[in-house]
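Letter by letter, the chains look like this.
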Amino acid sequence: MTDLSTTAGKLADLTSRLAEAQAPVGDRAIADAHEAGRLTARERIGALLDASSFVEVDALARHRVTDYGLDATRPATDGVVTGYGTVSGRKVCVYAQDASVFDGRLGEVYGEKILKIYRLATKTGVPLIAFIEGAGARAAEGTAALSFYSRILAAATHASGVIPQIAVLTGEAAGPHALLVGSADLTLMVEGQAQLRLGEAERPGEHRPALGAREHAERSGSAHLTAADDAEAVETLRALLGYLPSNNRAEAPRPAEARLTGSIADNLSATDSELNLLIPDEPEAPYDMREVITRVADERAFLETQPHHAPNVLTGFIRVEGRSVGVVANQPTENSAWLDSRASDKAARFIRTCDAFNIPVVSFVDAPGFVPDADEELGGMVRSASKLAHAYAEASVGTISVITRRSIGAASVVMGAKDLGADLVFAWPTARIVAVHAASAVPEIHAAELAKAQRKGKDVAALTEKFTAEYEEGHLSPYQAAERGMVDAVIPPEQTRGQLVEGLRLLDRKVTYPPAKKHGNIAL
């Protein structure tokens, strides 16, 4: 029996209480997690943070509910581990939900802990990392639990655009728990473990299976990144954090030794010269836009986000001269890079994330147009395209567009156009910038001549082919756009990285003064 009347006894009591917080429901739960190939909530935090940097808060918190016999089970931490520490020397706040305690269900004290760490992260200007797993609200705590979901979502909303919020889904998130995932800027899901569903069962006793990481990575787009297990999730998370600043007034980490010296010509490499051969001679033949992205990136590294969702547009992070850069690119290997609503939504969301956190955006454009499909139109493609235009036009960070091949019609308007707000626009000599495809333009422009040929029994097909060749020769090039200032320069592909280096250096100094207003009304 510990003698609490002495200092030694009080210290021993504290040690005992803290030890309980390390295994709030016993060592068997830890062993079960390890047997399943999973880390515990506390181990996930330890793996993410620098060694010995974790400072836990509210380790001794316990629920206060006496109904339904819950006063007999009051585990320390109440099912969520919260605190702060460092990742690569940078401060972060973190919480990890523990599904071994009440199935990870949220109660009042559990909610108080998350809310407290949210407020700490926001006022200190550090990223918030959440390891999420839980089966929803604690039924025994009723509306008190629901109240804290609302409070946490309000805190996440206030923190949005101020600090990066990253959710790592390590187990099931059901009911209102799913909203904690949806409120994050970026979400990572662990394959074989993560399950996400918002809807409740339609009838009592009915079980609705939650969809896993693969489904949400491919179909819903709710997973920006996936990982094979907890260890890979932590490794990916640390890499992702390296591209993000601590808050909206900071800059992402930049290695000082990455700065280049000399002119663009001085820094040309064999890798740069490979770009000269990338675009096929056949105007509609596919090529992989990742080959362009990796050739302009430092160490050819590209951290792609949502790679399996709307793959006709690529999004992700690279470094150029050590600087963190967001990339948006059309992907000709997927549906010939035609834009649709999902691709537009994906790109718009990514641009806004970059803009919120001072990350310049580089766009690689090969956009033949929007998918001519009635279902797409009725599904809100116009609204999605408007989101994309809004995101580009609203962006206050530096924006550079590189037109590699096609930039046609409405797609040309919304994909990083000069007059939409792009700071610098470069085009390769293979670029074709035009308002209308030749197949549509020729019948309109030469309607009278073709009708006359039809009446006189001439070969209309041959005449159409002739007019098409003339139209393509005169219009399908970057030079008309360059003459009108819609393109700042037509460049050899091998100079792309060099032009990005010089352009991004200049745009580090970009300052904008937006009009006074509450916010724009993006077409959500």
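Residues numbered from 1 in each chain as written. Predicted model: local features only at pLDDT ≥ 70, side-chain atom pairs only at ≥ 80, totals over all residues. Heavy atoms only, no water.

Colleague: Now, about the overall build of the protein chain: what can you tell me, with residues and values included?
Modeller: Looking only at helices and strands, the protein chain features 19 helices and 17 strands. Projecting the C-alpha coordinates of the protein chain onto the three principal axes gives extents of approximately 110 × 60 × 50 Å. Split into buried and exposed, the 524 residues of the protein chain put 50% on the buried side. Look at the contacts in the protein chain between residues 6 or more apart in sequence, and 73% of them connect residues 24 or more apart. Approximately 24000 Å² of the protein chain is accessible, and the part contributed by carbon and sulfur atoms is 53%. Taken as two groups, the 54 positive and 69 negative side-chain charges of the protein chain have centres that lie 5 Å from each other. (Helix = DSSP H or I, 4+ residues; strand = E, 2+ residues; numbered from the N terminus. Buried < 20%, exposed > 50% of the residue type's maximum accessible area, 1.4 Å probe, protein only. Contact = heavy atoms within 4.5 Å. Areas by Shrake-Rupley, 256 points an atom, 1.4 Å probe, with all protein chains shown as cover. Lys, Arg positive; Asp, Glu negative; His and termini not counted. Charge placed at Lys NZ, Arg CZ, Asp CG, Glu CD.)

Colleague: Tell me about the side chain of Ser324, and name the residues and values.
Modeller: Along the polypeptide, Ser324 turns up in strand S12 (residues 323–330). Reaching out from Ser324, the side chain makes a polar contact with the backbone oxygen of Tyr243 at a distance of 2.8 Å. Not counting residues up to four positions away in its chain, the partners in contact with Ser324 are Tyr243, Ala252, Phe317, Ile318, Arg319, Ile359 and Pro360. (Polar contact = N/O pair within 3.5 Å; in protein donor to acceptor, adjacent residues only side chain to side chain.)

Colleague: Talk me through a positive patch on the surface; I want residue IDs and the actual numbers.
Modeller: A cluster of basic residues, Lys452, Arg455, Lys456 and Lys458, forms a positive patch on the protein surface. With respect to the helices and strands, Lys456 occurs in the loop between helix H16 (447–455) and helix H17 (460–475). A residue is classified by how much of its surface remains accessible, and Lys456, at 55% relative accessible area, is exposed. (Patch = residues over 30% accessible without salt bridge, like charges linked within 9 Å, V, L, I, M, F, W, Y side chains within 5 Å. Salt bridge = Lys/Arg side-chain N within 4 Å of Asp/Glu carboxyl O.)

Colleague: Can you tell me about unusual backbone geometry, naming the residues and giving the values?
Modeller: Although it is not a glycine, Asp78 sits at a positive phi angle of roughly 55°. Within the secondary structure, Asp78 sits in the loop between strand S1 (55–57) and strand S2 (80–87). Unlike most non-glycine residues, Asn358 shows phi in positive territory, near 60°. The residue Asn358 is located in the loop between helix H11 (341–356) and strand S13 (361–367) in this model.

Colleague: Which residues make up the pairing of strand S4 (residues 128–134), and what values do they have?
Modeller: S4 sits mainly inside the fold: 7 of its 7 residues count as buried. In S4, alternate side chains face the same way, and those of Leu128, Ala130, Ile132 and Gly134 on one face and Ile129, Phe131 and Glu133 on the other are all buried. Handedness of the crossover is the feature at issue here: the chain leaves strand S3 (residues 90–97), passes through helix H4 (residues 108–124), returns alongside S4, and the resulting connection is right-handed. Examined bridge by bridge, S4 and strand S5 (residues 165–174) share 6 bridges and lie parallel to one another. Bridge assignment links Ile129 to a residue of S5, and that residue is Ile166. One crossover worth recording links S4 to the parallel S5 by way of helix H5 (residues 142–159), and it is right-handed. (Right-handed = clockwise from strand over helix to strand, strands pointing away. Pairing = 2+ DSSP bridges.)

Colleague: Please provide a residue-by-residue account of a negative patch on the surface, values included.
Modeller: A cluster of acidic residues, Glu191, Asp229, Glu232 and Glu235, forms a negative patch at the surface. Mapped onto the elements, Glu191 comes out in the loop between strand S6 (186–190) and strand S7 (195–197). The class for Glu191 is partly exposed, based on a relative accessible area of 32%.

Colleague: Before we move on, can you summarise the pairing of S2 with the specific residues and values?
Modeller: With 7 of its 8 residues buried, S2 lies for the most part within the structure. Note: S1 against S2, 3 bridges, orientation antiparallel. Each bridged residue has a counterpart across the sheet, and for Val55 the counterpart in S2 is Tyr84. Taking the residues that link successive antiparallel strands as the turn, the S2-S3 hairpin has 2 residues, and the phi of Ser88 there is positive, at about 50°.

Colleague: Just give me the short version of the packing of aromatic side chains, but keep the residues and values in it.
Modeller: Given two aromatic rings, one states the distance between the centres and the angle between the planes to describe the pair. Considering all chains together, one arrives at 2 aromatic pairs under this definition. Note on Tyr243 and Phe317: the rings are 5.6 Å apart at their centroids and 20° apart in plane angle, and the pair reads as stacked. With Tyr243 in the loop between helix H8 (230–242) and helix H9 (270–273) and Phe317 in strand S11 (residues 313–320), this residue pair connects regions lying 74 residues apart in the sequence. Across the pair, exposure class does not vary: Tyr243 and Phe317 are buried alike. Residues Phe317 and Phe350 carry aromatic rings whose centres are separated by 5.2 Å and whose planes lie at 55° to one another, so their mutual orientation is tilted. Taken as a pair, Phe317 in strand S11 and Phe350 in helix H11 lie far apart in primary sequence, 33 residues in all. Phe350 shares its class with Phe317; the two are buried. Among the aromatic residues, ring-to-ring pairing joins Tyr243, Phe317 and Phe350 into one connected group. (Phe/Tyr/Trp six-rings, centres within 6.5 Å; stacked < 30°, edge-to-face > 60°.)

Colleague: Give a detailed account of the pattern of salt bridges, specifying residues and quantitative values.
Modeller: A side chain of one charge can pair with a side chain of the opposite charge when the charged atoms of the two come close. Under the defined criterion, the tally for this structure stands at 34 salt bridges. Of the charged contacts in the structure, one is a salt bridge between Lys116 and Asp58, with a shortest N-O distance of 3.2 Å. Remark: Asp58 occurs in the loop between S1 and S2 and Lys116 occurs in helix H4; sequence separation between them is 58 residues. For Asp58, a relative accessible area of 26% translates into the label partly exposed. Taken together, the shared-partner salt bridges in this structure form one network comprising Glu251, Arg254, Glu321, Arg323, Glu502, Arg505 and Asp508.

Colleague: Provide a residue-level description of the nonpolar core, including the pertinent values.
Modeller: Grouped together as the largest cluster of nonpolar side chains are 63 residues, with contacts concentrated most on Leu48, Phe131, Leu237 and Val328. Not counting residues within four places of it along the chain, the set of residues in contact with Val328 comprises Val313, Leu314, Thr315, Ala347, Phe350, Ile351, Val361, Val362, Ser363, Phe364, Tyr392 and Met415. In terms of nonpolar packing, the next biggest core, distinct from the first, is built from 36 residues, Val80, Leu128, Ala178 and Ala223 among them. (Core = buried A, V, L, I, M, F, W, Y, C linked by side-chain atoms within 4.5 Å.)

Colleague: Run through the environment of Thr399, naming residues and quoting values.
Modeller: Here Thr399 is to be found in strand S14 (residues 399–408). Each C-alpha atom, one on Thr399 and one on Met189, is 30 Å from the other, the two residues being 210 residues apart in sequence. Each residue touching Thr399, except ones within four places of it in the same chain, is listed here: Val361, Gly421, Ala422, Asp423, Leu424 and Leu507.

Colleague: So what's going on with helix H19 (residues 496–507)? Residues and values would help.
Modeller: Its 12 residues give H19 an end-to-end C-alpha distance of 16 Å, which sits within 8% of 16 Å, the value for a rise of 1.5 Å per residue. Among the 12 residues in H19, 10 count as buried, and that is most of the element. Here H19 has its buried residues at Thr496, Arg497, Gly498, Gln499, Leu500, Val501, Gly503, Leu504, Arg505 and Leu507. (Expected span 1.5 Å × (residues − 1).)

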